[in-house]
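A look at the structure
Chain by chain, the residues:
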Amino acid sequence: MAVQKADFAKNEEILAGLQAEIKQEETQIYTQKQALATMDHEMEVTQAALLEVTERLEQLEGQRNVALERKKHSNENEQALLENLQQIELRMETLEAQKQTLLQEKLEKETALEVFMKEKKALEAKLAEYDNLSEEKIESMKSDYIELRHTQTTMRNDIGYLERQLAQMQGRSDKLDHENQQHISERNEIIAMVEYLTEHATQMQEKLAEQVAHYQTIQQELAKHEAIFTKQERDMYRQYEAIQQAKSRKETLAELADDYAGFFQGVREVLKAKKKLNGILGAFVELVDIPEHYQKALEIALGANAQHIVVRDDQAARDAISYLKQTRAGRATFLPLSTIQPRQIPVATKNALEQQPAFVALASDVLSYDAQVENVILNALGTTILAKDLKGANMLAKLVNFRYRVVTLEGDVVNAGGSMTGGATAQGKSSIMTRKHELENLSKTIVQMTRDVEQTEKQFAKLKAEVQQKREQLEEARSVGETLRLQETELLGKKERAEERLTTANKQLQIYDMEKEEGKSEVELLTERKAKLQQELATLAIEITDKDALIQQMTEQSKEQENNRASDQESYSTLKSRVAVSREQLQTAEQALASVEADISEYYVEKEAITSKLSMLKTNIETVHSSTEELATTINNAREEKETTTTNRDQLREKRVELQESLTVQEEVLQQKHNQASFYMEQKTAAEVSMSRLGADVENRLDRLSEAYVLTFEAAKERAINEMDIDQARSKVRLLKRSIDELGVVNLGAIDEFERIKERFEFLNGQQEDLLEAKSTLFQVMDEMDEEMKKRFEESFTAIQTEFAIVFPELFGGGQARLILHNPEEVLTTGVDIEAQPPGKKLQNLSLLSGGERALTAIALLFAIIRVRPMPFCILDEVEAALDEANVTRFSRYLKKFETNIQFIVITHRKGTMEEADVLYGVTMQESGVSKLVSVRLEETAELIK
């Protein structure tokens, strides 16, 4: 063992030197790798820049090629436009020549037409003179003379009528003046009343506004109090829930403690029967008080020892073991106080341990226990050392030469002999060690939580009283506001009626002004018309005298000139034909001239368009030329930049290759040192394994000595018989074991097994009888339920059938409907048919109706069910979607009949249903992904409009 420790120390020293060299080499390699990474980054940046320059150069060359192509295309378009412009100018010159010729021709035609027109007018004047002297003209003038006589008589009658009208207008004007005075007096009274009502209404509105502000203030305060009240209520219920959970957890733990849950079966049975057994003090874990800080460490340290049962003496242990055998209840380990001897660490060793910073305490020193069980405690934990951490535990184990077990506060263990146990432990489970502390903590927590909830209840009651007070204040403010609003409404109504009367009075006065103005205008018109008639009457008398003299003169001239009329009439017809021909020739010349002018205008517009295009092309060509020159300069710069970037990239590549070669050499050296270190590490590990095996072998031998022979190493050393040969002792042990094996297996528990199976058989028989009886009872209950269901179905069906026959004609505005059972004898399995007869149709099955009629029939059935069995709350999801507007209105109005007893939520998109609703709710998305609820109370529409 000493040689192995020396080899282990030498290997450890060599390994430490190699690890230092490896660390130095790794530092240098890390530095070079950092430099290599930096260089790689620079190369990536350079390569990215080169790629960017290359792409930009390709884009610029592409742009230059596009610009050259555009320039070529523009030159070709310019040449084509110049050729078109030359052709259009030639056509315009030809058309201008044609225009001049047509203008000359038109001028000649107009001159000839003017000559013919002058001759025609002269003959027309001469023929008119003949007409004036004709017999027909004379007869006509005689008729005019007679008509003038009649007109003279009519004028005289009209003048008399106008004089009577003027007299009536004067009387009407006097009456209007009298009525106007009455209207003015009435208007003054109304104005005074309106001013009085306006002043009082304004004062009332101010009071109402103050009351509304007061109401809103109280409402806001109530909202704040209700929010605090709701939060306090939630907190209180959370506290109730937490207390209930804590109490449930405490009850569960108490039940587990009473049932000794978590203990081995044998231990549990002995602890349950300790009242019947003498000398049972309890389980080890029940007799000690473990501080919470050390629970995890001591739970690991004790292990199965925690469930060993402490008894007063050997007899009590034997009685308990006999009880376990008789009841076949398992096995248990007993610790008699009369035989258990303490185990302790020597004082010098303990003093040395206390000097170490990793030392916490001896496991037996941190427990609280009764003095009578001290030997048991010291026997189990007297040689167990508590350390802060695993590293410190290793140090303490080395200090005591691995003779004692060391346990860390986290539960890791360095066993006697050097073996180590550790790792993660299960979390969240309550062990038999922590159960006691948890029960105590829960009791304290429940007391504190009860005090907290009592305080919360007091605050809740106070807040509830404040909220109730605010609600009463709000109701009082609302009542006062309603009274003021009624008074305001009454005043506004009176004011409105007074303003209507004032409007009526003003209209009467306006009517008076209008009638007065109309009367004045009418009088002036009548007077003017009378004067005009008198003047016309005088003029008419002169005209009658002149007309009589002219008739006499024309009669004499007509006889003299009748002979010349025929010759002049023939000349007029010939001249009329010439004028028509000349006018037609002039019109033809004007049309030809208009056609030529239109062609010239079209060519002029086309010429202007081509000129504009040529100007734009020239500008474009100049722009493309300048752009091409700029692109050429930019391309040259980009090429220079690309060459520079390429040179930088090549230089960086050369440097990186050199650095990579140096790094490879260093990594090979490092790998060699790693191999050497691995060799020495393997030797160190092999030495550790060999030492661990030796320690484990010693530990196993000590455990076997303790378990098989209940002896410590020191006691066995004292009792060792040196005279007996080892081979002889082994032979004797083998003989004894063979003798035990030859006895065979004796089933001592067969009688108990028989009793147990018999008891289970009787129990199962009893269970079977109970099940058969329960089955019979269930079938009987099912029959009774079927009868009750039949009875209730028939009653409900009859009531719904009656209500359906009433609701259907109310919704359809007439018609009839009924519900029919397929098989009235089997009401639980029968189907139901609906027959309906809308107004103007025959009675038919529901499936033969239109979609809208089926939907309205279903709604009628729904309302019939509601009338039979009203419910406080009902949701309807687009039930009226298939109805037309008229039936939607009927549906919504019928729905209003139930609003006093049933609250409806209707999901709809129909206008008629929305119009009858009290409140509308909708969801809008003002921002993407953010929904907002919008509501409108239609019952407050009147107030909102005001």
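First, a word on what this report is: a plain description of the structure on this page. Keep in mind that what you see is a predicted model, and the values were worked out from it rather than measured. (Residues numbered from 1 in each chain as written. Predicted model: local features only at pLDDT ≥ 70, side-chain atom pairs only at ≥ 80, totals over all residues. Heavy atoms only, no water.)

Counting its regular elements, the chain contains 17 helices and 17 strands. Burial statistics for the chain: of 946 residues in total, 28% are counted as buried. Partitioning the contacts of the chain with sequence separation of at least 6, the portion at a separation of at least 24 is 74%. Split by element, the accessible area of the chain, about 63,500 Å² in all, is 51% carbon and sulfur. (Helix = DSSP H or I, 4+ residues; strand = E, 2+ residues; numbered from the N terminus. Buried < 20%, exposed > 50% of the residue type's maximum accessible area, 1.4 Å probe, protein only. Contact = heavy atoms within 4.5 Å. Areas by Shrake-Rupley, 256 points an atom, 1.4 Å probe, with all protein chains shown as cover.)

Moving on: the packing of helix H3 (residues 265-272) against helix H5 (residues 314-327). For the pair H3 and H5, the least separation of the axes is 10 Å and the interaxial angle reads 110 degrees. In terms of orientation, H3 lies roughly perpendicular with respect to H5. Considering the relative orientation of H3 and H5, their crossing is right-handed. Within the contact between the two elements, H3 uses Gly266, Glu269 and Val270 and H5 uses Ala320, Tyr323 and Leu324. Within the contact of H3 with H5, the residues separate by chemical class into 4 nonpolar, 1 polar and 1 charged. (Axes fitted to C-alpha atoms, helices over the stretch in contact; angles between N-to-C directions. Parallel < 35°, antiparallel > 145°, perpendicular 65-115°, else oblique. Left-handed = near helix turned anticlockwise from the far one by under 90°. Nonpolar A, V, L, I, M, F, W, Y, C, P; charged D, E, K, R; others polar.)

This part takes up the nonpolar core. Residues Leu298 and Phe334 are the most contacted members of the largest nonpolar core, which totals 46 residues. Counting residues per element, the ones that place at least two in this core are H3, strand E1 (280-283), helix H4 (295-302), strand E3 (309-311), H5, strand E4 (334-336) and helix H7 (374-381). In this structure, phenylalanine 334 is in contact with Val270, Ile309, Val311, Ala317, Ala320, Ile321 and Leu324, ignoring residues within four places of it in sequence. (Core = buried A, V, L, I, M, F, W, Y, C linked by side-chain atoms within 4.5 Å.)

What follows covers the pattern of salt bridges. Enumeration over the complete set of coordinates arrives at 12 salt bridges. Between lysine 897 and glutamate 810 there is a salt bridge, with its nearest N and O atoms 4.0 Å apart. A residue pair is termed long-range when its members are at least 10 positions apart, and lysine 897 in the loop between helix H15 (885-896) and strand E15 (903-907) and glutamate 810 in helix H13 (residues 750-812) qualify at 87 residues. A salt bridge links glutamate 916 to arginine 893, with the shortest nitrogen-to-oxygen separation between them at 3.9 Å. Separated by 23 residues along the polypeptide, glutamate 916 in helix H16 (residues 911-916) and arginine 893 in helix H15 bring together distant segments of the chain. Judged by relative accessible area, which is 25%, glutamate 916 ranks as partly exposed. Residue arginine 893 is classed as exposed on the basis of its relative accessible area, which comes to 53%. (Salt bridge = Lys/Arg side-chain N within 4 Å of Asp/Glu carboxyl O.)

Checked against the element boundaries, aspartate 412 lands in the loop between strand E8 (405-408) and strand E9 (413-414). Within the buried set, aspartate 412 has no salt-bridge partner at all; the shortest N-O distance to an opposite charge, 7.6 Å, is to lysine 296. (Lys, Arg positive; Asp, Glu negative; His and termini not counted.)

As a further point, take the packing of helix H14 (residues 851-868) against H15. As a packed pair, H14 and H15 sit with axes 12 Å apart at the nearest point and diverge in direction by 5 degrees. With respect to their mutual orientation, H14 and H15 come out roughly parallel. In contact with Leu856, Ile859, Phe863 and Arg867 of H14, H15 contributes Asn887, Phe891, Tyr894 and Leu895.

With 7 bridges connecting them, strand E16 (residues 919-927) and strand E17 (residues 930-937) associate as antiparallel partners. Directly across from tyrosine 921, in E17, lies its bridge partner serine 935. (Pairing = 2+ DSSP bridges.)

Moving on to the sheet that holds E9. Here 5 strands make up an open sheet; going across it, the order is E5-E7-E8-E9-E10 and the pairing mixed. Where the open sheet ends on each side, the last strands, each with one partner, are strand E5 (359-362) and strand E10 (420-421). Across 4 bridges, the pairing between strand E7 (residues 384-387) and E8 is parallel. Bridged to alanine 387 within E8 is threonine 408. On top of the sheet, helix H8 (residues 390-399) reaches E5, E7, E8, E9 and E10; it is set at about 165 degrees to E8, its chief contact.

This next bit is on a nonpolar patch on the surface. A cluster of nonpolar side chains, contributed by Val781, Met785, Met789 and Leu828, occupies part of the molecular surface with about 340 Å² of accessible area. Within the secondary structure, methionine 785 is located in helix H13. Taking relative accessible area as the criterion, methionine 785 reaches 47% and is therefore assigned partly exposed. (Patch = residues over 30% accessible without salt bridge, like charges linked within 9 Å, V, L, I, M, F, W, Y side chains within 5 Å.)

Within the secondary structure layout, threonine 384 lies in strand E7. Judged by its relative accessible area of 2%, threonine 384 is buried. When near neighbours in sequence (up to four residues on either side) are disregarded, threonine 384 contacts Ala301, Leu362, Ala363, Arg405 and Val407.

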